[in-house]
Amino acid sequence: MITHGKGIKIFTGNSHPKLAREIADILGAPVGASNVGKFSDGEISVDINETVRGADVFVVQSTNAPVNDNLMELLIMIDAFKRASAGRITAVIPYYGYARQDRKAKARDPITAKLVADIVTAAGADRVLTMDLHAAQIQGYFNIPVDHLLGVPILARYFVEKGFGEREDVVVVSPDLGSVTRARKFADKLHAPIAIIDKRRPKANVSEIMNVIGDIKDKTVILIDDVIDTAGTICNGANALRDMGAKEVYACCTHSVLSGPAIERIEASAIKELVMLNTIDLPEDRKLSKFNMLSVAPVFADAIRRIYEDMPVSRLFEE
């Protein structure tokens, strides 16, 4: 229960109300009264049904599909709170959409990660709380404070509790060169070695396995990534590892976007179990028996409590 002198308010749009309720329950606070819908022409309609004057407002809203609707809900809610004289507005964005275009990879590319950061700031957010940005430098795209939580400790804790940290045959595998740092941090918690998949990407959402750097023969491997979208990278990697002699293949990720053919690919892949965090609300009809969803609510609740009570959030990164 929060006993700080200032008022705290937790609100949510339509992207993940279940997570917002989990966070609110842990903090001992109700979810704020609001209605977020649409006018007949498709424009977002927002009604805030309680006072927020002088309050510390936290808006929980992932910007996953439908990305544009969820992003506009977040922006309009922030604007409403700002105009209602909220004391401070924190955008709690468990999954930050539009993050994969974080630089100009070729001529005339947009940098949508920066554009969205500018829009969120312009809408009136005073702070952003998020988890596992696709590229860590996106924090620098904001001109307001950003608290960047990590999913690795939650995922690693699950595998440690399952006894993987005591096994000699476990190898943590990075699905590409960009995820090596994440894989190394994960492997350190399991006291396991790492391997790296060397791949190339001929075009968007298509990956091709080239080589595996490291010993995975007769090993139990754990693939770790930040986002699984169409699941091409993770499934190609899992199948290649099995074909190269891996004994069992597990996979884990922070953000389960799972668009397009992802479900079918995962179901047909060599992946024995896919462990994900619930930064995105996955509908029941998109779940498989090999899926295992872990909650990020305790970590976000702790971060919100620390922000609200003006305590350091940095110790959450050390777990």
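Given the structure is predicted, the values throughout are model-derived calculations rather than measurements. (Residues numbered from 1 in each chain as written. Predicted model: local features only at pLDDT ≥ 70, side-chain atom pairs only at ≥ 80, totals over all residues. Heavy atoms only, no water.)

**Let's talk about the UniProt feature "binding site: D-ribose 5-phosphate" (unreviewed entry) in the protein chain**
To keep things clear, this is the line we draw: UniProt positions are given in the numbering used here, feature names are shortened, and annotations may be inferred rather than shown by experiment. Buriedness of a pocket was judged along seven lines, with at least five required to meet protein on both sides within 12 Å; pockets are open sets of points on a 1 Å grid over the protein atoms alone, cavities are sets where a 1.4 Å probe fits but cannot get out, and lining residues have an atom within 4 Å of a point. Helix numbering and strand numbering both begin at the N terminus, where a helix is a DSSP run of H or I of at least 4 residues and a strand a DSSP run of E of at least 2. Residue contacts are counted whenever heavy atoms from the two residues lie within 4.5 Å of one another. Only protein chains enter the accessibility calculation, which uses a 1.4 Å probe. A residue is then buried if its area is under 20% of the maximum for its type, exposed if over 50%, and partly exposed in between.
Look at the UniProt record and you will see "binding site: D-ribose 5-phosphate" (unreviewed entry) annotated at R201, D225, D229, T230, A231, G232 and T233. Of the residues annotated just before, the second largest pocket has D229 among its lining. Relative to the helices and strands, A231 is located in the loop between β11 (220–228) and α6 (232–243). Apart from residues no more than four positions distant in its own chain, A231 is found in contact with A262, R265 and I266. Mapping G232 onto the fold places it in helix α6. According to the relative accessible area criterion, G232 is buried, its value standing at 9%.

**Concerning the layout of surface pockets**
As a reminder, the rule being used: Grid points are joined across faces, edges and corners, and a volume is the space filled by probe spheres set on the points. Polarity classes work like this: nonpolar for Ala, Val, Leu, Ile, Met, Phe, Trp, Tyr, Cys and Pro, charged for Asp, Glu, Lys and Arg, and polar for all others, with Gly in that last group.
For the second largest pocket, the calculated volume is near 300 Å³. As for the second largest pocket, its lining consists of 21 residues, of which Y95, G97, Y98, A99 and R100 are closest to the centre. Its residues assigned to classes, the lining of the second largest pocket comprises ten nonpolar, eight polar and three charged.

**Quick look at the UniProt feature "domain: Ribose-phosphate pyrophosphokinase N-terminal" (unreviewed entry) in the protein chain**
If you check UniProt for "domain: Ribose-phosphate pyrophosphokinase N-terminal" (unreviewed entry), the listed places come out as residues 8–124 in our numbering. Summarising residues 8–124: 34% helix, 22% strand, and an end-to-end C-alpha distance of 17 Å.

**Comments concerning the pattern of salt bridges**
We count it as follows: Here, a salt bridge means any Lys or Arg side-chain nitrogen found within 4 Å of an Asp or Glu carboxyl oxygen.
The final tally for this structure, using the stated rule, is 19 salt bridges. Of the charged contacts in the structure, one is a salt bridge between D226 and R182, with a shortest N-O distance of 3.9 Å. With a gap of 44 residues between them, D226 in strand β11 and R182 in helix α5 (residues 180–190) connect regions that are remote in the sequence. Of the residues examined, D226 reaches a relative accessible area of 3% and is grouped as buried. A residue is classified by how much of its surface remains accessible, and R182, at 16% relative accessible area, is buried. Each of D302, R305, R306 and E309 takes part in one network of salt bridges that share partners.

**Quick look at the pairing of strand β6 (residues 127–131)**
The criterion, for reference: In short, DSSP must find at least two bridges between two strands for them to pair. Viewed with both strands pointing away, a crossover whose connecting path from the first strand over the helix to the second turns clockwise is right-handed.
With respect to burial, β6 is a largely interior element, five of its five residues being buried. Neither face of β6 is left uncovered, since the one carrying R127, L129 and M131 and the one carrying V128 and T130 both have all their residues buried. Bridge count for strand β5 (residues 88–93) against β6 is four bridges, and the pairing is parallel. Paired with I93 across the strands is T130, a residue of β6. After leaving β5, the chain enters helix α3 (residues 112–123) and then returns to the sheet as β6, a path that is right-handed. Bridging between β6 and strand β7 (residues 146–149) involves four bridges; their strand directions are parallel.

**A word on the environment of D126**
Here D126 lies in the loop between α3 and β6. C-alpha of D126 to C-alpha of K82: the two residues are 44 residues apart in sequence and 9.7 Å apart in space. If sequence neighbours within four positions are ignored, D126 has contacts with G87, R88, I89, I144 and P145.

**Points about α3**
One turn of an α-helix holds 3.6 residues; hence residues three or four places apart share an orientation. In plain terms, the rule: In this scheme, a helix's expected span is set at 1.5 Å multiplied by one less than its residue total. The directions considered for the arc run from the helix axis to the C-beta atoms.
Between the first and last C-alpha of α3 there are 16 Å, a value that for twelve residues agrees with the 16 Å anticipated at 1.5 Å per step. For α3, the set of buried residues is T112, A113, V116, A117, V120 and A123. Taken end-on, α3 shows its buried residues confined to a sector of 140°, consistent with a single buried face. Residues of α3 that are buried make contact with α2 (67–83), β5 and β6. Among the residues trailing α3, G124 stands out with phi positive, at a value near 125°.

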